[in-house]
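Below, each chain spelled out in residue letters.
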Amino acid sequence: MNEAAATSGVDPAEVAKFEAMAAEWWDPEGKFKPLHMMQPCRLGYAVEAIAAAHGRDPRAKRPLEGLSLLDVGCGGGLLSEPMARLGAAVTGVDPAERNIPVARLHAQQSGLEIDYRAARAEDLLAEGISFDVIVNMEVVEHVPDPAAYIATCAGLLAPGGVMVTSTISRSLKALALAKFGAEYVLRWLPVGTHDWQKFIMPEELTDMLVKAGLEPQDASGFVFNPITWEWRVSETDLSMNYVIAARKPG
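Parameters and conventions
Residues numbered from 1 in each chain as written. Predicted model: local features only at pLDDT ≥ 70, side-chain atom pairs only at ≥ 80, totals over all residues. Heavy atoms only, no water. Buried < 20%, exposed > 50% of the residue type's maximum accessible area, 1.4 Å probe, protein only. Helix = DSSP H or I, 4+ residues; strand = E, 2+ residues; numbered from the N terminus. Arc of directions from axis to C-beta. Contact = heavy atoms within 4.5 Å. Pairing = 2+ DSSP bridges.

Draft legend 1. Representation of helix H8 (residues 202-211) within the structure. Of the positions making up H8, those classed as buried are Pro202, Leu205, Met208 and Leu209. Taken end-on, H8 shows its buried residues confined to a sector of 125°, consistent with a single buried face. Residues of H8 that are exposed and point more than 90 degrees away from the buried face comprise Glu203 and Lys211. Summarising the contacts, the buried residues of H8 are in contact with helix H6 (146-155), strand S5 (157-168), strand S6 (215-225) and strand S8 (241-247). Directly after H8, the chain includes Gly213, whose backbone phi takes a positive value near 90°.

Rendered as structure tokens:
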């Protein structure tokens, strides 16, 4: 996720956390191991949701061809790169400035053209630009005013566009697994990465999306299997990690 003062989209303390981990984005065994493990699950869901919203075949070689896509809180580019390979014209923004050189270098080494910017969603909104797709993954739980942040992102979505937003539910299960389990027991994340009180219930996020003028199309959970060490999409279990796809009318 750098601005001198907190806004609806930026908390300086949260930015500092992710800047400290910037160099580890592409290490599958590093501090972002949970995202690498979840990557097939969340990428698969996002592509399916985008394809459904824009009338594309998700099994095509480049199903996102011709679509403009914004990756908010892009980090080192874990989602930006596969989206670019699938044909999207990708812009990745992150207010943690140290993430951007990491993302740019990796994209260059991968032969991909991605417009990475050290910026906030508010900065793009001020430019008056819009996107066919916004992927907003694991960001909303780190901002000081989630409702205002969602409204800002909705303002960047073109009519008929889709935003895919994932976060963590404020449940006892998430407290036990996503907070204490991931940070203190498994040591997947540095202690203090998450604040359980900032986790957002699915009905709360749905309400934010609706108030921002979007129409939720689907809500699903990302469920971890401790036996196979794999994630899967669940249509019923939204008790921990979950995702909502919402369209903008038009």
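Next comes the rest of the write-up.
Draft legend 2. Local environment of the pairing of strand S4 (residues 131-137). Among the seven residues that make up S4, six are buried, leaving the element largely enclosed by the rest of the structure. With three bridges joining them, strand S1 (residues 68-72) and S4 adopt parallel strand pairing. By the bridge assignment, Leu69 is partnered in S4 with Val133. Bridge analysis of S4 against S5 gives six bridges, and the strand direction is parallel. Paired with Phe131 across the strands is Leu157, a residue of S5.

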